[in-house]
Amino acid sequence: MESQKKFTKKFSFEFFPPKTPEAVGKLQTTQEHLAKLKPDFFSVTFGAGGSTRERTFETVIDIHQKTGIDGVPHVSCIGSTTEEIKNVLNSYMEAGIHIVVALRGDLPSGAIGTGSLRYASELVEFIRKETGDYFHIEVAAYPEFHPQSSSAQKDLENFRRKVDAGADAAITQYFYNPDAYYRFMDSCEKLGIDIPIVPGVMPIVTCTQLCRFSEACGAEIPRWILKRLQDFGDDRKAIREFGIDVTTQLCDNLLSGGAPGIHFYTMNLFTPSETIWNNLNLGSIDRK
Ligand code: FAD
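Residues numbered from 1 in each chain as written. Predicted model: local features only at pLDDT ≥ 70, side-chain atom pairs only at ≥ 80, totals over all residues. Heavy atoms only, no water.

In the vicinity of the ligand lie 23 residues, with F46, D106, Y142, D155 and K162 positioned nearest. Separating an oxygen atom of the ligand from a side-chain N or O atom of H74 is a distance of 2.9 Å. Contacts to the ligand include D155, whose side-chain N or O atom sits 2.6 Å from an oxygen atom. Secondary structure elements with two or more residues in the shell around the ligand: α5 (152–164) and β6 (169–174). (Near = heavy atom within 4 Å. Polar contact = N/O pair within 3.5 Å; in protein donor to acceptor, adjacent residues only side chain to side chain. Helix = DSSP H or I, 4+ residues; strand = E, 2+ residues; numbered from the N terminus.)

Listed below in structure tokens is the structure:
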């Protein structure tokens with residue numbers, strides 16, 4: 001963990017591109033609220049295979065222009081040709097976007113066609129080949145390991161491939177057990193990985209949603225959290241309060257332990273992330 005302490009702490013919020021005019025309005029309110037916290041960037045997800053290409057682009061540009069805070073697109077390679085990826089990168093360069101999150105992506109189940117680049121490391125390599133050092137490249141990291149990895153060690157080695165290919169920093173999949181992150185960081189240090197690896201944190205809003213996401217992405221919900229959430233039944237207020245308490249403590253633990261910031265998976269809501277931010281007094285944190 002020691003190697004992470006030298007990095008400036010960075011704070012960011014993740015959104016998904018809204019589909020309906022109502023959802024667009026809701027995201028506008030969310031971005032206005034969260035912009036007041038002066039995060040380092042707002043990132044916007046990308047539907048693998050290009051299903052949200054236009055909406056991701058429009059959302060990133062809107063955020064960038066309206067809030068003055070860096071809008072950061074996620075770019076995934078699965079299901080896209082290199083020509084399509086090149087066009088996406090060019091449009092972001094023309095719009096003055098300097099940071100991207102480079103991912104392999106997941107195709108909706110049943111979809112076929114994997115595209116020209118198989119892994120995120122190949123995408124990072126491609127971005128560097130096409131655009132040199134123009135972009136600051138973020139990649140994904142998995143303290144509890146990627147669900148498709150054949151072993152923990154192989155997954156770590158594959159993570160290193162992305163760093164060797166030119167990634168500048170990483171954001172983790174969410175987790176609720178900080179030891180998974182600390183162990184992961186120790187293994188990264190042993191492999192000579194020396195980039196900031198910012199923990200991704202998912203505020204708990206509903207039990208069903210959390211279980212659905214965790215099932216899909218392989219994030220573990222500790223038994224004690226699940227049991228308590230189940231006890232709350234339909235009491236959404238109690239779930240939110242418990243969720244905020246648990247997530248605030250997790251962030252506090254991670255930041256005191258030397259994590260170089262926090263990336264919030266907001267689900268386009270501002271209240272949970274904003275409350276955690278205020279609980280932690282992050283507005284006054286020394287980011288150096
Ligand atoms: P990779 O790093 O390519 O890894 C995928 C799997 O392949 C791993 O099991 C790895 O061990 C293995 N692997 C890698 N290289 C090799 C190799 N050379 N040989 C053999 N095996 C290898 N998904 C979206 O669709 N859109 C998004 O916007 C999005 N945003 C995300 C943001 C964050 C911060 C995170 C953590 C995830 C996000 N995801 C998103 C989910 C992500 O796309 C999935 O987890 C996906 O399954 C893997 O993407 P990756 O970039 O980590 O892939």
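Here we come to the pattern of salt bridges. Going through the model one piece at a time under the given rule, you end up with 10 salt bridges. A salt bridge links D194 to K6; its shortest N-O distance comes to 2.6 Å. Separated by 188 residues along the polypeptide, D194 in the loop between α6 (178–190) and β7 (197–201) and K6 in the segment before β1 (10–15) bring together distant segments of the chain. Between R104 and D106 there is a salt bridge, and its shortest N-O distance comes to 3.1 Å. (Salt bridge = Lys/Arg side-chain N within 4 Å of Asp/Glu carboxyl O.)

Ranked by size, the top nonpolar core spans 81 residues in total, and within it F159, Y181, I197 and L254 carry the most contacts. Looking at which element gives the most residues to this core, the answer is helix α9 (residues 236–256), with 8 residues. Dropping the residues within four chain positions of it, F159 is found in contact with V139, A140, A141, A170, F184, C188, I193, I195 and I197. (Core = buried A, V, L, I, M, F, W, Y, C linked by side-chain atoms within 4.5 Å. Buried < 20%, exposed > 50% of the residue type's maximum accessible area, 1.4 Å probe, protein only. Contact = heavy atoms within 4.5 Å.)

Tracing the backbone through its elements, the reader meets Q4 in the segment before β1. At 2.9 Å, the side chain of Q4 forms a polar contact with the backbone nitrogen of I197. The residues touching Q4, leaving out its near neighbours within four places in the chain, are Y181, M185, I195, P196, I197, G258 and P260.

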